[in-house]
Every structure is written in structure tokens, then in C-alpha cells.
Amino acid sequence: MGARSPDALRDSTASPARRSAASPKPITADAAAASFAALTSKLDYLDAADIKRVREAYRFADEAHLGQFRASGEPYITHPIAVAGLCAEWKLDVQAIMAALMHDAMEDCGIAKAELIERFGAPTADLVDGLTKLDKLRFSTREESQAESFRKMLLAMARDVRVILIKLADRLHNMRTMEAMTPAKRVRIAGETLEIYAPIAHRLGLNQTYRELQELSFRHLRPWRHAALSKAVQKARGYRRDLVERIQRDVEKAFVQAKLPVQVYGREKTLFSIYKKMSEKHLSFAQVNDIFGFRIVVGTLMECYMAMGVLHQLFKPMPGRFKDYIAIPKGNGYQSLHTTLVSPLGTAVEFQIRTEQMHAVAEKGIAAHWMYKAKGAGASAQDAQRLGAMWLQSLLDIQDETRDASEFLEHVKIDLFPDSIYVFTPKSKILALPRGATPVDFAYAIHSDVGDHCVAAKVNGEPVALRTELHSGDVVEIVSAPNARPNPAWLNFVRTGRARSKIRHYLKTMEQEESQDLGEKMLAQALRAEGLQLPDERDENAALWQQVTRWSGNRNRAELLTDIGLGRKIASIVAKRVARLLAEDGQRPDALTLTLGRYASDENAPLQGMVQIDGSEGASVQLAPCCRPIPGDAIVGYLGRGEGLTVHTADCSVGKRLFERDSERWMTVEWAEQPVRPFETGITILLKNGKGVLAEVASAVASAEADITHIDMGDERAAQTSELRLLLSVRDRLHLAEVMRTLKRQPSVLRVARVKP
């Protein structure tokens with residue numbers, strides 16, 4: 001059994017960030033450590049031919065960066081050598097080491113990708129290209145440029161994970177050597193690291209890198225708090241030395257008696273995690289009682305559970321503080337048993353129990369694949385290679401739905417969650433989702449078709465709302481319907497980037513299709529008023545549509561019709577242009593069509609003609625929430641700029657104000673003879689307070705075959721009377737009148753009226 005003394009414990013647990021904070025190395029020492037000789041000493045896992053190729057890449061990079069210096073005054077080449085050294089610690093292959101040496105050659109030195117392919121091969125050149133920012137493109141803002149660079153890097157990473165490993169090594173070395181930069185630049189880079197790079201490291205299971213990036217970011221973003229916490233931890237270390245030594249002795253003795261060979265390591269919480277816990281839970285430093293912990297490393301998986309039994313016999317476990325990440329690993333492949341025990345002095349002490357292999361994966365994550373491969377452990381290599389694979393694939397899925405770089409980055413940030421829950425399908429398949437995920441996230445995690453057609457969900461056999469938060473261990477079943485489609489309201493509660501991007505993509509596609517259909521109807525009506533038929537897309541009309549779209553500034557006929565449907569173009573103006581072009585081509589208005597077109601419109605209607613509303617229009621046609629029109633109401637349509645068609649009642653005060661301000665955007669609309677769904681409208685009810693009055697109102701509405709979709713009772717205190725505001729789902733005006741008559745007959749109801757703006 002191997003054990004470490006408390007002094008060794010302090011040395012091993014102090015993170016690199018804190019060691020450098022306590023005793024910063026001089027620049028000359030850093031430069032010496034980053035020399036090529038120091039790098040070659042780390043490449044003993046490569047053969048002689050590969051080391052020769054690395055040396056060639058070093059010479060090429062050295063020549064390319066000749067005369068360039070870092071902000072600290074060191075030769076620039078020291079940085080690529082240090083990055084390659086970090087990659088060598090992860091035992092990355094020769095292509096990755098070469099790419100690490102040349103990762104800034106294309107960006108900073110103007111080296112072409114073709115030259116790299118010729119000298120070092122396509123795989124190495126692709127890695128370097130994936131690491132190169134998009135500096136040749138012109139972006140309107142720094143944020144847009146940064147988002148596009150992240151998108152390129154993340155997609156390159158999805159194709160080859162070595163890209164992000166080299167990038168994380170690059171960022172880690174930059175963070176370790178930022179002292180020479182201006183304070184503003186340090187804060188910007190540290191913020192970016194904390195927001196993007198540290199979560200990516202965690203997502204891929206590189207916990208050691210994740211902790212150090214967090215720690216360094218914290219030191220640059222909050223220097224005063226970092227220094228204060230560092231002093232507090234040093235004092236606490238002294239105060240608790242006796243306790244740590246006593247626990248370690250007791251633990252070692254217990255394992256000797258149980259004849260179970262283990263390694264006991266001390267573990268200390270990082271300053272950033274202490275700061276985060278204090279901030280989130282509003283604790284003082286003295287109230288954070290789990291600064292120190294222990295890690296038990298055993299030989300086999302079964303010994304993990306045996307070790308846990310030994311610990312539970314030694315100290316009392318705290319209820320609810322045991323987690324089995326071996327049976328159900330985290331989404332990034334992390335495996336360990338976590339148990340919190342009560343020490344002899346009553347303080348909580350966390351123990352992590354794992355095998356050597358689990359420890360390697362816990363610290364190195366996806367990089368452990370190359371370490372295992374170097375050792376020749378085939379099964380372990382395959383297991384490690386699957387780490388992060390699902391998330392990397394989800395990046396490609398999100399990219400398919402999202403072409404906007406900023407939106408893509410937003411979705412990726414959503415998915416860089418630190419905490420996971422684990423839920424089950426009815427067939428007992430485990431899915432990892434972010435904390436706060438809902439059945440809709442679950443549905444899209446299974447398949448986009450399941451998400452798109454989701455209508456209801458059951459959790460543990462019980463029906464639940466789609467916005468219900470899921471918890472670990474839940475068994476989730478999705479109920480779907482072939483005609484269902486995503487609801488825009490889902491965007492308010494979904495938590496995964498995949499679900500959000502799929503919903504947005506579907507809604508954009510549907511909105512475009514519906515707006516195009518509406519635009520085609522409107523243009524056809526407007527042309528009928530000119531005595532003409534709408535030209536189709538046949539080849540003989542191609543020249544006509546080319547002229548119309550060139551005049552309108554659209555790329556094609558479909559885009560022009562979509563713009564008309566969204567209100568960006570006025571149908572009557574486009575119709576007049578089409579009529580003029582047809583007249584130039586010798587086509588004259590048809591008398592019968594002209595008569596029908598004029599007969600269909602009343603004398604005050606604009607030339608767009610009539611659009612029928614039946615409730616199936618979707619996103620391109622909205623019923624105004626101010627007046628909530630229903631079939632039987634006199635209605636008018638307002639074509640907002642880029643908002644599609646909004647339908648108001650003819651006597652709506654909001655609509656009248658819009659008409660006075662922008663009369664040319666109004667058009668005549670009418671209800672279809674047979675609407676396909678019920679419609680919502682609002683009523684107010686003044687009633688006498690008493691027992692069961694709400695049930696009385698609900699019963700009356702139900703007896704009239706209507707539905708209540710929302711109730712608002714206001715904020716007034718209970719008095720003799722109360723005013724209720726209801727949203728009712730009714731078929732038409734006659735149905736609404738029947739509901740209101742039924743309500744008026746109730747003894748507790750004093751007055752019923754429809755809501756009008």
C-alpha cells in the first residue's frame with residue numbers, strides 16, 4: 001500500500017495555478033524549460049523516425065517565427081515548444097505534436113496550407129488549419145469574428161478531437177504566461193477561457209486541465225479575491241493539519257486490517273471551486289467545511305465497492321451524499337464512487353474511490369485514449385475513444401440546423417454544462433442531459449423526429465407537462481402524433497443546444513413555407529384585380545420572374561413571395577410591376593378575370609384582394625392578442641414589416657391607430673366558411689365571493705362545451721366581489737354568446753362582458 005505524508009499531500013494537491021502564484025518562475029527559467037531539448041525528453045514514447053519528423057517540424061516553425069517575440073520578450077518559438085510539450089504529456093501522436101509546433105505558422109507567418117501538405121502531409125496540415133483563426137475574412141464586429149472562429153474550431157474538433165486538445169494546450173500555456181499582457185487583455189482572455197475553454201475541457205473529461213484553466217482565469221479576473229482566499233486556505237491548512245493526518249492514519253490502518261491494497265491521496269478543493277461555492281450558497285469561508293478530501297485508488301472495479309465498505313465501517317456516511325458514477329458514468333466518461341463521511345471532529349470529508357484506469361480517464365479524459373494506445377491496452381483505448389463522442393456528434397447536428405455563427409456558439413455554450421442528470425428510456429437505455437432538462441430535451445436527444453412530433457410525456461408512468469424538470473433516475477416516455485409540430489413556447493424552457501437548434505430550424509422552415517404560400521395567394525389576388533393570372537414557374541416565364549426579382553432585390557421567386565407574405569413587400573405594387581412587364585410582352589388584361597377580381601373586393605379594399613382565415617395558417621398569420629378575433633367578427637388584416645399578417649377586429653382601437661399611421665398596409669380578410677379549430681377570446685366576469693364560485697364558473701363553461709385556457713384573478717385582496725378574466729376557447733361568436741348566457745344564469749355571477757382593447 002502506498003501512502004503520502006501530509007507534507008507530500010500539500011505538494012500534490014496544490015494546483016499548478018497556486019504553485020505559480022506562490023512562487024512565480026523567472027522568464028529565463030520558463031524559456032529554458034520550453035527548450036526543444038526539454039521537449040525531446042518527453043517524446044520517449046515515439047520511435048526514432050517520428051522524433052525525426054518532429055525535429056523537422058520544429059526547424060520549420062523556428063524559421064517561420066524567426067524575429068518574432070512574445071509580450072514577455074522571449075523568442076516566440078518558446079510558446080509552440082511549450083504547447084507541444086503539454087501535448088506530449090498526453091502522449092498525443094506525432095501528427096498532433098507536429099501540428100502543435102506549427103499551430104501559429106499559418107496565422108502569424110502567412111504559411112499556406114498547400115506548403116504544409118507538401119512538407120508534412122495532409123493530416124498534419126488539416127490539424128493546423130483547424131487551429132487557425134479566420135483572419136482573412138472581414139467581420140462587422142469582434143464578437144462576430146470570435147463566434148465564427150469558435151465555430152470553425154469546434155467543427156474541426158468534431159471531425160478530429162486532436163484539434164481541441166492542441167487548442168487547450170495552447171490556451172493553458174497562454175494562461176500560465178499572461179503576466180506581460182495589459183490588464184484589459186488579461187481580463188478578456190481569462191473571461192473567454194472561463195466561459196468557453198474550461199467548460200470544453202470539462203466536457204471532454206480533462207479535469208486536471210479544467211481545474212487549472214478555472215484557477216488561472218479566477219486569478220486574473222478576481223486578483224484580490226484570489227489572493228485573500230489563498231491566504232485563508234494556507235491558514236486553514238495549518239489549522240487542520242492534525243485532523244488530516246489523523247484521518248489519513250485511520251484510513252490507512254483500516255485498509256491494512258482489511259488486507260486491501262490501496263493508494264491514499266490527499267485532495268484539496270481549488271480556490272475557484274471554494275469561491276464558487278461561497279458565491280452560490282452565500283457562505284463565509286469558515287462555513288465551507290469540505291476544503292480537504294481524500295482519493296482512494298484501488299486495483300479492480302470490485303475493490304472500489306469493497307473499499308467503500310471499509311470506509312463506511314470506519315466513519316459514518318452522511319445520508320444522501322453517496323454517488324455511484326461507476327454504474328452510471330458522467331457524460332464525459334468520468335467514473336468514481338463519491339461518499340461523504342463524518343470525521344471524528346464532526347466535519348464532512350469527501351472520499352473518491354476509483355481504479356488506476358478510472359483515475360487516468362478522470363484526469364486526462366479523452367486524451368487518455370492516446371495514453372492507453374501508447375501502453376497497448378486495446379479495450380481501454382476503445383472505451384476512452386468513445387468519451388465525448390455523443391457531444392462531438394451533436395456539434396455537427398447543431399451546425400446542420402444553424403448557419404449563423406453567433407447562434408451556433410450560443411447553442412454550444414448551452415451544452416457546456418458542468419452537471420448532468422441521468423434518465424432512462426422505457427427500454428432502460430440511459431441518457432445524460434443537463435440539469436433542468438425537460439421531456440422535450442429528452443425527445444430531441446432520442447431523435448429529431450421524436451422531438452418534432454412530441455405532444456405529451458410520461459415520467460415514471462405518470463402524465464406530466466412538457467416543461468416539467470427531469471431528475472436522475474426518471475423513466476421518461478414520449479407520446480407523439482404524426483401531425484404534431486414544435487411549439488415556439490418550447491424555446492422558453494428547453495435546456496440542450498440540440499433541442500433549441502432543432503426547434504428554431506423547424507420553425508424557420510415552416511414560417512418560410514407558410515409565408516411563401518400566403519404571399520402567393522396575396523399576389524394572385526392582386527394580379528386578379530389587374531385582370532391577370534399569376535405566372536407559374538415554367539421555363540417560358542423564367543425571364544419575367546428574373547426581371548421582377550431583379551427589380552425587387554430578391555434572389556428568386558420563392559424569396560419574393562415569402563417577402564410579400566411577411567409584409568416586406570406590398571402585393572399590389574409587385575402586381576402592377578408584373579402587369580407592366582406582361583403588357584410589354586403583349587399580354588392584355590382578361591375582362592372576365594378583371595370583373596371577378598373587382599367583384600371579390602369591396603370598394604374600399606386595397607388591391608391585394610381577399611385572404612381567408614380558417615385557423616390553419618400557422619406562423620405567417622397571427623390573430624391580434626389585443627382584440628382576439630373569432631369567427632363571426634368583422635375583421636381586417638395588417639401586413640406588418642417582416643411580421644406577416646396580423647388580423648384585428650374591425651372595431652379594435654389598436655387596429656384603428658395602426659390604420660391611421662400606415663393605411664397602405666391594410667388589406668381585407670374574411671373568415672372561411674368552416675374553420676378547422678376553435679379560437680381564443682377573453683371575457684371578464686364580476687362575481688360574488690363565496691364557496692365554490694370558481695367551480696361553478698368552470699362547470700358552466702364546460703356545460704356550454706367551451707374550454708378555459710387561462711384564468712387571471714388579479715392582485716386585489718378578497719372582498720365581497722371579484723373580477724375574473726378568462727381566456728376561452730370557442731368555435732365562433734354564436735358559441736361565445738351561448739357561453740356568456742350560460743354564465744349569466746349562475747347565481748354568483750353579476751356581470752359578463754367580452755374583453756375589448
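Residues numbered from 1 in each chain as written. Predicted model: local features only at pLDDT ≥ 70, side-chain atom pairs only at ≥ 80, totals over all residues. Heavy atoms only, no water.

Draft legend 1. Quick look at the overall build of the protein chain. When its secondary structure is counted, the protein chain shows 33 helices and 20 strands. Counting over 757 residues, the protein chain shows a buried share of 49%. For the protein chain, long-range pairs separated by at least 24 residues make up 68% of all intrachain contacts whose partners lie at least 6 apart in sequence. Approximately 37300 Å² of the protein chain is accessible, and the part contributed by carbon and sulfur atoms is 51%. (Helix = DSSP H or I, 4+ residues; strand = E, 2+ residues; numbered from the N terminus. Buried < 20%, exposed > 50% of the residue type's maximum accessible area, 1.4 Å probe, protein only. Contact = heavy atoms within 4.5 Å. Areas by Shrake-Rupley, 256 points an atom, 1.4 Å probe, with all protein chains shown as cover.)

Draft legend 2. Spotlight on the sheet that holds strand β18 (residues 707-712). Read from one edge of the open sheet, four strands run β18-β19-β17-β20, paired in antiparallel fashion. Of all the strands in the sheet, the pair left with one neighbour each is β18 and β20 (749-754). This sheet shows a mean twist of 25 degrees between the axes of neighbouring strands, independent of strand direction. Sheet topology places strand β17 (residues 679-688) next to β20; five bridges connect them, and they run antiparallel. Following the sheet pairing, I685 is matched in β20 by V752. (Pairing = 2+ DSSP bridges. Axes fitted to C-alpha atoms, helices over the stretch in contact; angles between N-to-C directions.)

Draft legend 3. Focus on the sheet that holds strand β10 (residues 462-464). On the basis of which strands lie adjacent, the open sheet formed by three strands has the order β10-β9-β11 and antiparallel pairing. If you trace the sheet from one side to the other, it starts and ends with β10 and β11 (476-480), each paired once. Neighbour to neighbour, the strand axes of the sheet diverge by 35 degrees on average, direction disregarded. Sheet topology note: the strand β9 (residues 454-459)/β10 ladder contains three bridges and is antiparallel. Looking at β10, one finds that V459 is bridged to E462. Where helix α24 (residues 439-446) meets the sheet, it contacts β9, β10 and β11, and its direction lies at approximately 80 degrees from that of β11.

Draft legend 4. Broad picture of the pattern of salt bridges. Overall, the coordinates contain 19 salt bridges when judged by the stated rule. For R219, the salt bridge identified is with E179, shortest N-O distance 2.8 Å. Within this pair, whereas R219 is found in helix α14 (residues 207-221), its partner E179 is found in the loop between α12 (162-176) and α13 (183-203), the two being separated by 40 residues in sequence. Judged by its relative accessible area of 46%, E179 falls in the partly exposed class. Taken together, the salt bridges that share partners define one network made up of D712, E723, R725 and R751. (Salt bridge = Lys/Arg side-chain N within 4 Å of Asp/Glu carboxyl O.)

Draft legend 5. Here's a closer look at a nonpolar patch on the surface. Judged by side-chain polarity, L694, I708, I711 and M713 come together as a nonpolar surface patch covering roughly 310 Å² of accessible area. By secondary structure assignment, the location of M713 is in the loop between β18 and β19 (721-730). (Patch = residues over 30% accessible without salt bridge, like charges linked within 9 Å, V, L, I, M, F, W, Y side chains within 5 Å.)

Draft legend 6. Fine view of a positive patch on the surface. A contiguous patch of positive charge, built from K281, R321, K323 and R435, is present on the exposed surface. Here R321 is to be found in strand β4 (residues 316-324). (Lys, Arg positive; Asp, Glu negative; His and termini not counted. Charge placed at Lys NZ, Arg CZ, Asp CG, Glu CD.)

Draft legend 7. Representation of helix α18 (residues 301-314) in the model. Spanning 14 residues, α18 covers 21 Å between terminal C-alpha atoms, matching the ideal 20 Å at 1.5 Å per step. Of all the residues in α18, the buried ones are E303, C304, A307, M308, V310 and L311. For α18, the angular spread of buried residues about the axis comes to 160 degrees, placing them on one side. When the buried face of α18 is taken as reference, the exposed residues oriented beyond 90 degrees from it are M302 and Q313. (Expected span 1.5 Å × (residues − 1). Arc of directions from axis to C-beta.)

Draft legend 8. Representation of helix α7 (residues 94-101). Burial analysis of α7 places seven of its eight residues in the buried class, the great majority of the element. By the burial criterion, the buried members of α7 are V94, A96, I97, M98, A99, A100 and L101. Close packing links the buried residues of α7 with α4 (36-40), α5 (48-64), α6 (78-89), α9 (113-120), α10 (122-131) and α12.

Draft legend 9. How the structure looks around the pairing of β19. In terms of burial, β19 is largely enclosed, as seven of its 10 residues are buried. Pairing geometry for β17 and β19, over 10 bridges, is antiparallel. Bridge pairing links I683 to L726 in β19. Pairing of β18 with β19 involves five bridges; the strand directions are antiparallel. What sits directly across from I711, in β19, is L726.

Draft legend 10. Representation of the packing of α24 against helix α26 (residues 497-529). Contact geometry for α24 and α26: axes closest at 9 Å, N-to-C directions at 85 degrees. Judged on the interaxial angle alone, α26 and α24 are roughly perpendicular. Contacts from V440, D441, Y444 and A445 of α24 reach α26 at R498, A499, K502 and I503. Residues of the contact of α24 with α26, tallied by class, amount to five nonpolar, no polar and three charged. (Parallel < 35°, antiparallel > 145°, perpendicular 65-115°, else oblique. Nonpolar A, V, L, I, M, F, W, Y, C, P; charged D, E, K, R; others polar.)

Draft legend 11. Region of the structure containing the side chain of T124. Inspection of the secondary structure assignment puts T124 in helix α10. With near-sequence residues (within four places) excluded, T124 lies in contact with Q95, M98, A99 and M102.

Draft legend 12. Summary view of the environment of M713. Judged by relative accessible area, which is 44%, M713 ranks as partly exposed. Note: C-alpha distance between M713 and T684 (29 residues apart in sequence) is 9.9 Å. Setting aside residues up to four positions removed in sequence, M713 forms contacts with L694, E723, L724 and R725.

Draft legend 13. Fine view of the packing of aromatic side chains. Following the criterion strictly, the structure yields five aromatic pairs and no others. A ring pair is formed by F218 and F272, whose centres lie 5.9 Å apart and whose planes are at 65 degrees; its orientation type is edge-to-face. Here F218 is found in helix α14, whereas its partner F272 is found in helix α17 (residues 271-281), with 54 residues between them in sequence. Both residues of the pair, F218 and F272, count as buried. The interplanar angle of 20 degrees and the centroid separation of 4.7 Å between the aromatic rings of F218 and Y275 together place this pair among those described as stacked. Here F218 is found in helix α14, whereas its partner Y275 is found in helix α17, with 57 residues between them in sequence. Residue F218 is classed as buried on the basis of its relative accessible area, which comes to 2%. A relative accessible area of 18% means that Y275 is categorised as buried. In this structure an aromatic cluster arises from ring pairing among F218, F272 and Y275. (Phe/Tyr/Trp six-rings, centres within 6.5 Å; stacked < 30°, edge-to-face > 60°.)

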